[in-house]
Structure formats: C-alpha cells, structure tokens
Amino acid sequence: MKSPVRVAVTGAAGQICYSLLFRIASGSMLGPDQPVELRLLEITPALKALEGVVMELDDCAFPLLAGVQIGDDANQVFDGVNLACLVGARPRTKGMERGDLLEANGAIFKPQGRALNDHAADDVRVLITGNPANTNALIAMSNAPDIPRERFNALTRLDHNRAVAQLAAKTGSSVNDVKHLSIWGNHSATQYPDVFHATVGGRPAPELVDQAWLESDFLPRVQQRGAAIIEARGASSAASAANATVDHMRDWVLGTAEDDWVSMSVPSDGSYGVPEGIISSFPCTVSGGAYSIVQGLDVNDFSRGKIDASTAELVEEREAVRSLGLID
Ligand code: NAI
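Residues numbered from 1 in each chain as written. Predicted model: local features only at pLDDT ≥ 70, side-chain atom pairs only at ≥ 80, totals over all residues. Heavy atoms only, no water.

Per an unreviewed UniProt entry, the protein goes by the name Malate dehydrogenase and belongs to Friedmanniella luteola. Here the protein is described in UniProt, under the heading Catalytic activity (unreviewed entry), as follows: "(S)-malate + NAD(+) = oxaloacetate + NADH + H(+)". Recorded in UniProt under Sequence similarities (unreviewed entry), the annotation for the protein is "Belongs to the LDH/MDH superfamily. MDH type 2 family." (UniProt positions renumbered as here; feature names shortened; annotations may be inferred.)

Here it is as structure tokens:
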C-alpha cells in the first residue's frame, strides 16, 4: 500500500465540502490505490458542525481514508500537507462593496498563505476554490514566498465543464466528443469561454455553431450559470463545484488526457499578452505533475477583446489588494 497523501481542505463544514470530502475520501481525486489523510480547517463556531461531517466520513468506512484531523488553527492543520484545497471564503453579503469583499478575503488568504509557507510539505500544491478565487490565490501565493509560484492555482474548471456541457448539448453530442475548449481570464462574469479551437467529434466547433449563438446564448449562459443555479436551487452550486475541484486536482497530480487540454487558473508568465503575475485561466496540459500553458494558439480579434477585458478585471483586483496591503 502507498503511504497516504495529506490533503488539507478549508471551509470543511460548508456546502461544497459536504460533497468534496466524500469524493476525496472515496478515491475520486487521487485514484483507487492512493490512501489519503484529511486535514480539515474551519472557523471555531463551525467546528461542531464539522465534527458531524467527520462522523459521517467515519460511517462511510472508506478503505482509502487513513485519518482525519480537524482544527481552527491553519498552522496546525496545514502541517506537512501535500495538497491544499482552499474552499472556505467570505461570501459577499448585502451592501458589501468589492473592496470590503477583497479585504475580508485577504484576512483569510493572507494568513493561510503564510501558514502553508511555514508548515506545508515541500511538494505542496494549492488550489483555491473560494471566491474571488483568482485574487484569493494571488493573495495566498504572494504571502508564501518559499513556495514556488506555480504551485498556486485557482479553479476555473467548473466554468470549463459548464462550457463543455453546453457545447455538447447544442451540437447533440456527448461531452466525451468535445475537446480543446478553453476558459480564459477571471472566474467571474467576465470570463471568456472560447470554442474557436474546440472540436466536437473531431470537427471544428466553429463549423457547427454560429457566432450569433456564441455571443447571445453560449457566452452569457456559461458566464451566468452560477446565478442561474442560485435562482433555481436557492443555493449556490456545490456538488458541481466540488466535482470541478476534484477534476482540477486529479489532473494536476495525475496528468491530462493525451488528446485534450483543460482550463486552469495559473500565474501568468505573459503568454498570450496576459499581464505577468496575475492568476488567470489558460488552456493547460499537465505531465509529470507540472502544468504547461498551451502555446501557439491563434487568438482572433473577438477572443482578444474578451481576454483583455477579463484580464483587465484581474489587474484591477490586483491593484485593489495591493492598495490594501495584502500583497507587495
Ligand atoms: P459555504 O458558506 O457553505 O461554506 C464556506 C465555509 O467556509 C463555511 O463553513 C465557513 O465557516 C468556512 N470558512 C470561512 N472562513 C474560513 C476560514 N478562515 N478558514 C476556514 N474555513 C472558513 O460556502 P460554499 O458553498 O461551500 O462555497 C465556498 C466558496 O466557494 C465560496 O467562496 C463560493 O463563492 C466559492 N465557489 C467557487 C466556485 C468556483 O468555481 N471557483 C464555484 C462555487 C462556489
């Protein structure tokens, strides 16, 4: 038997984690022969609820679950962790300005970045799901100077999966037939789901759908999907967000399929004119545990405008958190 991988999860008593923890413990994330040890972080008032979740984890008798520890101190919970899923975040409440939201999340992600820096294992990889995910990832990364920057990603896989499902439905195809779709930019309403390099059953997607559908149906539907789910369910997407978190981490650790790529928010190296340093979504492949941004794609004028708009929003968020003293 392999030795367990230590996986930290924050926001562990929340909605997403009520799905995520069980998927990790069952082997969906790291495979059917990889034991896991869970390290669960919550704020103090939520620890009792978290104890209930742990009772349910016990009651599943997962063969791969080698241990569970819970706590409200990031320095202890992150000790020796190999993977960290940062899900817990401060939601936007009524009357809250964007600056307040960034500040409240900075108060979470700055100390968590430091705690990872000081206590995580040398090989730690960190995925931020909690919103605003890209900028929270930037804050955590900037406060963890000893961890290589490329070990910090943010989640845009849910947007990717949503776009795949929409394109498959429109073309009457299976999701298995859709390849090479890309999400660019921020995990926000400005994100750009790009089908210009996508294929469906081997045929170029732009031959199968027209520009009017792309602009007036597909883009807003993917961009606004989170709001549509809140409207229908009365609560934000949770199981699908957990699933995307599992997909992202699994592909980051185990690699992407030979004939496809996935969308990952990673620190920009300036590829495609995206300002260096911001954490922005790109088409990526993973091999040997390291991701690479797919290079050499043509970006048409329509895509250029959309990518620039979303990355400009990320630059604005970076300047806002810089002026709050959350990053240098
Ligand atoms: P939730 O409100 O049900 O759970 C959040 C949990 O985080 C709560 O239990 C809270 O006590 C905990 N928490 C707050 N501060 C914490 C801290 N400092 N340390 C540890 N835990 C802390 O929220 P839900 O539905 O689970 O969503 C979590 C986050 O994921 C939200 O920010 C949400 O906007 C985001 N999200 C991101 C998506 C993406 O695609 N990137 C998709 C859907 C949600």
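The discussion continues.
Peer 1: Describe the UniProt feature "domain: Lactate/malate dehydrogenase N-terminal" (unreviewed entry) in the protein, with residues and values.
Peer 2: The positions UniProt marks with the feature "domain: Lactate/malate dehydrogenase N-terminal" (unreviewed entry) are residues 5–149. Secondary structure content for residues 5–149 is 43% helix and 19% strand, while the C-alpha to C-alpha distance between its ends is 21 Å. (Helix = DSSP H or I, 4+ residues; strand = E, 2+ residues; numbered from the N terminus.)

Peer 1: An account of the sheet that holds strand β10 (residues 199–200) is requested, with residue identities and associated values reported.
Peer 2: The sheet built from three strands is open, its strands ordered β7-β10-β11 with antiparallel pairing. Both edges of this open sheet fall to β7 (178–179) and β11 (203–204), since each of them pairs with a single strand only. Here two bridges tie β7 to β10, and the two strands are oriented antiparallel to one another. Looking at β10, one finds that Lys179 is bridged to Thr199. (Pairing = 2+ DSSP bridges.)

Peer 1: Go over the packing of helix α5 (residues 133–142) against helix α10 (residues 301–323) with me, naming the residues and quoting the values.
Peer 2: For the pair α5 and α10, the least separation of the axes is 10 Å and the interaxial angle reads 45 degrees. Classified by the interaxial angle, the pair formed by α5 and α10 is oblique. In terms of crossing hand, the pair formed by α5 and α10 is right-handed. Contact residues: Asn134, Thr135, Leu138 and Ile139 in α5; Leu314, Glu317, Arg318 and Val321 in α10. Residues of the contact of α5 with α10, tallied by class, amount to four nonpolar, two polar and two charged. (Axes fitted to C-alpha atoms, helices over the stretch in contact; angles between N-to-C directions. Parallel < 35°, antiparallel > 145°, perpendicular 65-115°, else oblique. Left-handed = near helix turned anticlockwise from the far one by under 90°. Contact = heavy atoms within 4.5 Å. Nonpolar A, V, L, I, M, F, W, Y, C, P; charged D, E, K, R; others polar.)

Peer 1: Tell me what's going on with the side chain of Asp194, and back it up with residues and numbers.
Peer 2: Inspection of the secondary structure assignment puts Asp194 in strand β9 (residues 192–194). Buried charged residue Asp194 carries no salt bridge. Nearest counter-charge: Arg304, at 9.7 Å. Discounting chain neighbours no more than four positions away, the residues touching Asp194 are Leu181, Ser182, Trp184 and Ser303. (Buried < 20%, exposed > 50% of the residue type's maximum accessible area, 1.4 Å probe, protein only. Lys, Arg positive; Asp, Glu negative; His and termini not counted. Salt bridge = Lys/Arg side-chain N within 4 Å of Asp/Glu carboxyl O.)

Peer 1: Just give me the short version of the packing of aromatic side chains, but keep the residues and values in it.
Peer 2: Per the counting criterion, the structure on display carries seven aromatic pairs. Ring centres of Tyr18 and Phe22 lie 5.7 Å apart, and the angle between their planes is 75 degrees; on these two criteria the pair is classed as edge-to-face. Taken together, the residues Tyr18 and Phe22, both in helix α1 (residues 15–26) and four residues apart, mark about one turn of the helix. Centroid distance Phe196 to Phe302: 6.2 Å. Interplanar angle 70 degrees. Geometry classified as edge-to-face. Residue Phe196 is located in the loop between β9 and β10, and its partner Phe302 is located in helix α10; the two are separated by 106 residues in the primary sequence. Judged by its relative accessible area of 24%, Phe196 is partly exposed. Here Phe302 falls in the partly exposed class, since its relative accessible area comes to 23%. The structure contains a cluster of three or more aromatic residues connected by ring pairs, namely Tyr18, Phe22 and Phe62. Arg125 extends its terminal NZ or CZ atom over the ring of Trp252, reaching a point 6.0 Å from the ring centre. (Phe/Tyr/Trp six-rings, centres within 6.5 Å; stacked < 30°, edge-to-face > 60°. Lys NZ or Arg CZ within 6 Å of the ring centre and 35° of its normal.)

Peer 1: Can you lay out the pairing of strand β1 (residues 5–10) for me, pointing to particular residues and giving the numbers?
Peer 2: Most of β1 is tucked away: five of the six residues are buried. Both β1 and strand β2 (residues 36–41) contribute to a ladder of six bridges, which runs parallel. Directly across from Val9, in β2, lies its bridge partner Leu40. The β-α-β motif built from β1, the intervening α1 and the parallel element β2 has right-handed crossover chirality. Here four bridges tie β1 to strand β4 (residues 83–86), and the two strands are oriented parallel to one another. Residue pairing in the sheet places Thr10 in a bridge with Leu86 of β4. (Right-handed = clockwise from strand over helix to strand, strands pointing away.)

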